[in-house]
Amino acid sequence: MQLKVQVFLKAAVLDPQGKAVLGSLHSMGFTEVGDVRVGKVFSIQVPDGDPETVKLRVEQMAAKLLCNPVIEEFAILP
Amino acid sequence: MQLKVQVFLKAAVLDPQGKAVLGSLHSMGFTEVGDVRVGKVFSIQVPDGDPETVKLRVEQMAAKLLCNPVIEEFAILP
Amino acid sequence: MTDALRPGTLPDARSFGLKEEEFDRIVARLGRTPNLTELGIFAVLWSEHCSYKSSRIHLKKLPTKGKRVLQGPGENAGVVDIGQGLCVVFKMESHNHPSFIEPFQGAATGVGGILRDVFTMGARPIACLDSLRFGAPDAPRMQYLVDGVVAGIGFYGNCFGVPTVGGETTFFEAYNENILVNAFTLGLARHEDLFFGRASGAGNPVYYVGSKTGKDGIHGATMASEEFSDATEEKRPTVQVGDPFTEKLLLEALLELMKTDAIEGIQDMGAAGLTSSSFEMAGRAGTGMRLDLDQVPLRETGMTPYEIMLSESQERMLLVARHGHDATIARIFHKWGLDASLIGEVTGDGRMVCTWKGKTVVDLPIAPLAQDAPLYDRPRRRPSYLRKVTVEADAKADSADLGGDLLDLLEHPNFASKRWVWRQYDHQVRTNTVIGPGLDAALLRVKGTRMGVAMTSDVNPLYCYLDPREGTRFAVAEAARNLACVGAQGIGVTDCLNFGNPEKPEVMWQFKEAVEGMASALKAFKIPVVSGNVSLYNDTEGRSIWPTPTVAMVGLVKDMRRVPERELPEGARVLLAGDGEVRLAGSQYLYHKGTLVGRLPKLDLKMERKLQKFLLKGYAKRALRFAHDVSEGGLAAALAEVALFAGMGFDGSVPGGDPVLQCFGEGGGRALVVGEEEALAALARALDLPLRPLGVLGGEAFRLSTGGAPLETTLDALQRRFEGGFKKAMRA
Amino acid sequence: MKAAVVVFPGSNCDHDIHHVLNEVAGVPAEYVWHGESSLAGYDAAVLPGGFSYGDYLRCGAIARFSPIMPEVERLAREGRPVLGICNGFQVLTECHLLPGALLRNRKLKFLCQDVHLRVEPSASLYAAKYRKGEVLRIPIAHMDGNYFCDPDTLRELEEGKRVVFRYVRPDGTREDGDGTANPNGALASIAGIMNKEGNVLGMMPHPERVSEAALGGTDGRRLFQALKKFLEGRA
Ligand SMILES: Nc1ncnc2c1ncn2[C@@H]1O[C@H](COP(=O)(O)OP(=O)(O)O)[C@@H](O)[C@H]1O
Ligand SMILES: [Mg+2]
């Protein structure tokens, strides 16, 4: 099965990438866009198993490696 | 409302970042992981509106700017 | 911060890092209790980082004047004249604690900060150096720290478009829990284009330019003024994210604006952000300022005046404009896509008055804050470890295999090629780099002239641990020698004094010794200090780092046609120029064998000066083709480095005596040279400088005969171990 | 004869190209801000290296939408020289003046180092002063220089002799894949390609950094001299 881990900068942290993309969207005419944040997403393939156990393992991976808790936070999606 | 656009390298394109993350996960003991792909995710804030229309707009943003179809493909998540 | 306007209390003051007597002093000065915002302002301005309260009385001993000095310490950066109407603007700054918490962003924003210090003065940055001290390569988190710091420096400098042309990278256990990241930037300007951080002219408008203000980095300055502990780690969200792209736009916008008549004074918002920039600019000019905090561009909603005043968001500047230029300012900043907001005006009353939502939230006299901060003459005591390590008899070492020892030494990451590091730095952008990383000093041409500017950063922590005073003198001598090796004469110094907790008498003793050592050596060389930085509280859980006074020296080459050659011919003879006491105490050789005791060799400043004169004249007369400093690793390592540079083996001998001492002993006053022998000999005679041939470059074998068994190995082995060592240690 | 050096926000090799064109190669060159909407009067355009828009989205992705780009495309259509170096190459692929894309370096690190390039048997105007098969020493400095395209495109490039420069060992032999001779891992060791007509060239290495002996190499100079000769021929 495949889980996705999304990692974004914490809200209080400046996101220069998001700022650049927002500016570009605006100048392309997508003026309705209010804000953009850019993050990373990891698609992780693991053997099928009990969803709760698998999620726990992936949470550990995120906490230990994929996400830098100093500036980032993560969410796990199915 | 907020939509997310996930952008991954196409399957045919080698993803060295994914390979590196996979290697680290393995050496940290997460040996069950079979594969990792690393992508980008954009969290886009737009005014509330008809979901279909909004999604169409965001699709345009993705197709025009956020994703390079030569190497990448995208998916829109709520 | 629920109520930024309630009266500040002693516990508040303590939590901001102020001492009780400092709080009392504030209340006495003001004749009232400051509100929380005002107290926060005092706390950062009186922090060690901003006020230099422990170090100032010692720093006064450093020589800061000279014919070429256009601006000494006290401004955003120092300025030294290089002739033809041009000057160089440079400074070094530490970003140690942030880099330990978040290596990539910590190091990146360190580079961003020092770049702003330089271009705020009107100079376009043309080169960076980075001086890095890491812990043992196998210490916890160390690989991650090395990876992150190097990538972060590269990220910022590469994107901004400034070449990182040199630096230092060494590994000692003493930095396991407190790495050092010292970043240096040099910029180039015409004299008439310089700007200063002064808020002159009552009535002049005050502008805020650059990125918006967020809640990031609040407490950065106080964090740099505290020991490290788990509690500091809790303050983690203070880490900032660097945006080199915006900074590059800020550079271009400012340089464009500076060509107009619009700017009266300008300063970077660095540590303590809007607070330090506004107070310092008004303080230097003897004026006051009125700021309307509602006009400050904010990135987040609900920010309090406390947060607005103390945020350390990056890529921002405070600009005092002249009347009637508002349209120009708006046009240029709009072109570059940046914010420029009118946030106040200069006043003549010597006060800082800030309003917010119609209320006065700050009303402070500037003098007691900016110039009248506390000044401490902290107690000092010679550290007890020195009794154990300062033994008179030099440590002895026997070697069963000198060749093997040399290879082991070259492979150690302190020694091995740092290519892995500087390959990640664009060291060529702007097409001025004539000598990049890898030699004794970096050298850049100055387009449109025949001149060149050289730079190097040096300090040997082993030496400074054994003897802070003499060790610092060696650092100065090595820097000047490194410059002379590429044909440059030292013209100015910036330093970064990294020490432990100054409230420990032992640390304060080390600090004073180092500063006095630096002062005496610089006076002997007649080279002034024009800027610098003090980083104290490099302590973790009570353990202090080794005293580490990084010296960055800038040199001038008057004629770039007289610089080292890039290739050496087969059969070229290598000579040893100069002489000096050589000892194993504090040597890399003994350290790697596990011994760190002894008395340092004597530094002979007269010999140093003669040697440097010899090198400079040698290049000027075209007698010298190449020179390489003999320092860490001794003669054997220096000869190996020349062989590696030439891509050839070597056959020769080292002076007689104890083989280990002759091969690996360290000391000052020596350099290896290659050139026209008769002319060099004549020059040496005229200067009364020892000069003797050591051997010849060529072939595949590397062989040194000694007083005992010879040192033997091959060029191939040297190359493999030297080029592979760093990656091996980093498991990269 | 006049060349435009297009300056995007974040370009940082613009001064270097301007210097080489004007002072070394003798091609009069001027800066043109990306926000301009005309290149009237210019006979060639150079898109310099750097980090346009910080490369924050993808390298060159945002620059592609700059107001000046339709004019760059016009020059390209008219057969005038359009040269993209490093970030400029990335912009040219993003706007489809050249095929393919530049991926992150295989080892995920920024690389600033000399590489060896072989001049391939193309009909590129830019290679007119090099011998076919000649090996040049030119530096790279990038994070994303790993050229990629699909198999059909690669076949087209190879059959049309549109690969202008390839990464090789110092002796001129190829080492595709992960070897040190092809440090970013580019497909088929591709370092530079041109369009069908040969007037648009994109390359990752920086010839402007080795155009003066003082900087340690002159292998890049002839590229700019070839450009000058071409422009003179058209004048
Ligand atoms: N962090 C770094 N960044 C850039 N260059 C570095 C770095 N560390 C070391 N170097 C370069 O590697 C070479 C060797 O460094 P070092 O051993 O300190 O030289 P030296 O003993 O001559 O002072 C120098 O050219 C130096 O500039
Ligand atoms: Mg050194």
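Remember, it's a predicted structure, so these values are computed and weren't measured experimentally.

Regarding the overall build of chain C
Helices and strands together make up the secondary structure of chain C, namely 27 helices and 28 strands. In summary, chain C has a C-alpha radius of gyration of 26 Å against a globular reference of 27 Å for 732 residues, a match within 12%. Based on the C-alpha atoms only, the size of chain C along its principal axes is roughly 85 × 55 × 45 Å. Expressed as a percentage of the 732 residues in chain C, the buried residues total 67%. Here chain C displays about 23,800 Å² of accessible surface, and carbon together with sulfur accounts for 49% of that area.

Here's the deal with the sheet that holds strand β4 (residues 124-134) of chain C
All names here are of chain C. Strands sit in the order β1-β2-β3-β6-β4-β5 across an open sheet of 6 strands; the sheet is mixed. The open sheet has two edge strands with one neighbour each: β1 (69-71) and β5 (164-171). Across the sheet, the axes of successive neighbouring strands diverge by a mean angle of 20°, strand direction being ignored. Two elements, β1 and strand β2 (residues 78-83), share 2 bridges in a ladder whose sense is antiparallel. Paired with V69 across the two strands is V80, which belongs to β2.

Side note on the interface of chain B and chain A
Taken together, the 32 residues of chain B in the interface contact 32 residues of chain A. Summing both sides of the interface, chain B and chain A together bury roughly 2,700 Å²; the carbon and sulfur share of this comes to 69%. The three residues of chain B that bury the most area against chain A are F30, E32 and V41 of chain B, which together make up 19% of that side's buried surface. The interface formed by chain B and chain A includes 2 salt bridges. Ionic pairing is found between E32 of chain B and R57 of chain A, a salt bridge with its closest N-O pair at 2.7 Å. Broken down by secondary-structure element, the contributors of at least two residues to the side of chain B that touches chain A are β1 (2-9), α1 (16-27), β2 (35-45) and α2 (51-66) of chain B. A total of 11 residues in the side of chain B that touches chain A trace back to one element, the largest contributor, which is β2 of chain B. Each residue belonging to the side of chain B that touches chain A can be placed in one class, and the counts come to 17 nonpolar, 8 polar and 7 charged.

Observations concerning the site of ligand 1
Residue and element names in this part refer to chain C. In the neighbourhood of ligand 1, 17 residues make up the surrounding shell, with D130, T169, G438, L439 and D458 lying closest. Contact between ligand 1 and G167: an oxygen atom at 3.0 Å from a main-chain N or O atom of the residue. In the model, a nitrogen atom of ligand 1 is placed 3.4 Å from a nitrogen or oxygen of the E168 main chain. Notes on ligand 1: free accessible area 550 Å², of which the protein chains cover 85%. For the shell around ligand 1, the secondary structure elements donating two or more residues are β4, β5, α18 (419-422) and α20 (468-485). No other element matches β5, which puts 4 residues into the shell around ligand 1. Considered class by class, the residues forming the shell around ligand 1 number 6 nonpolar, 5 polar and 6 charged.

Remarks on unusual backbone geometry
One non-glycine residue with positive phi stands out, namely E315 of chain C, at about 60°. Even without being glycine, Y53 of chain D reaches a positive phi, approximately 50°. Residue position: Y53 of chain D is located in the loop between β3 (44-47) and α2 (69-77). Note on Y53 of chain D: relative accessible area 16%, which makes it buried.

Structural notes on a positive patch on the surface
Taken together, K526, K606, R609, K613, K617 and K621 of chain C make up a surface patch of like positive charges. Tracing the chain through its elements places K621 of chain C in the loop between α23 (605-620) and β23 (624-629).

With respect to the relation of the copies chain B and chain A
For these two chains of identical sequence, chain B goes onto chain A by a turn of 180° and a shift of 0.0 Å along the axis, with RMSD 0.2 Å. On this basis, the relationship between the two copies can be described by a two-fold rotation axis. Across chain B, the smallest distance between a C-alpha and the rotation axis is recorded for K40 of chain B, namely 2.3 Å. The share of interface residues of chain B whose copies in chain A are also at the interface is 100%, consistent with both copies meeting through the same surface.

Side note on the pairing of β1 of chain B
All names here are of chain B. Burial runs high along β1: 6 of the 8 residues are buried. As paired elements, β1 and β2 share 6 bridges and run antiparallel to each other. Across the sheet, V7 pairs through a bridge with K40, a residue of β2. When β1 meets strand β3 (residues 72-77), the two strands line up antiparallel, connected through 6 bridges. Counted as the bridge partner of L9 is E72 from β3.

A short note on the sheet that holds strand β11 (residues 200-203) of chain D
Residues and elements named next belong to chain D. Within the open sheet, the 9 strands sit side by side as β2-β1-β3-β4-β11-β10-β9-β6-β7. Their pairing is mixed. Either end of the sheet is taken by a strand with one partner, and the two such strands are β2 (29-33) and β7 (135-142). Averaged over all pairs of adjacent strands, the angle between strand axes in this sheet comes to 25°, irrespective of strand direction. The sheet strands contacting helix α4 (residues 151-159) are β9 (163-168) and β10 (190-194), and the helix crosses β10 at an angle near 75°.

Observations concerning α4 of chain D
Side chains of residues three or four places apart in an α-helix project in the same direction, reflecting 3.6 residues per turn. Residues and elements named next belong to chain D. Of all the residues in α4, the buried ones are T153, L154 and L157. One side of α4 carries all its buried residues, which in axial view fall inside an arc of 100°. Pointing more than 90 degrees away from the buried face of α4 are the exposed residues P151 and E159. Where α4 is buried, its residues meet β8 (146-148), β9 and β10. Just downstream of α4, K161 is the residue with a positive phi angle, here 50°.

About the criteria used
Residues numbered from 1 in each chain as written. Chains lettered and ligands numbered in written order. Predicted model: local features only at pLDDT ≥ 70, side-chain atom pairs only at ≥ 80, totals over all residues. Heavy atoms only, no water. Helix = DSSP H or I, 4+ residues; strand = E, 2+ residues; numbered from the N terminus. Rg over C-alpha atoms; globule rule 2.2 N^0.38 Å. Buried < 20%, exposed > 50% of the residue type's maximum accessible area, 1.4 Å probe, protein only. Areas by Shrake-Rupley, 256 points an atom, 1.4 Å probe, with all protein chains shown as cover. Pairing = 2+ DSSP bridges. Axes fitted to C-alpha atoms, helices over the stretch in contact; angles between N-to-C directions. Contact = heavy atoms within 4.5 Å. Buried area = accessible area lost by both parts, 1.4 Å probe. Salt bridge = Lys/Arg side-chain N within 4 Å of Asp/Glu carboxyl O. Nonpolar A, V, L, I, M, F, W, Y, C, P; charged D, E, K, R; others polar. Near = heavy atom within 4 Å. Polar contact = N/O pair within 3.5 Å; in protein donor to acceptor, adjacent residues only side chain to side chain. Patch = residues over 30% accessible without salt bridge, like charges linked within 9 Å, V, L, I, M, F, W, Y side chains within 5 Å. Lys, Arg positive; Asp, Glu negative; His and termini not counted. Charge placed at Lys NZ, Arg CZ, Asp CG, Glu CD. Least-squares fit on C-alpha atoms with pLDDT ≥ 70 in both. Arc of directions from axis to C-beta.

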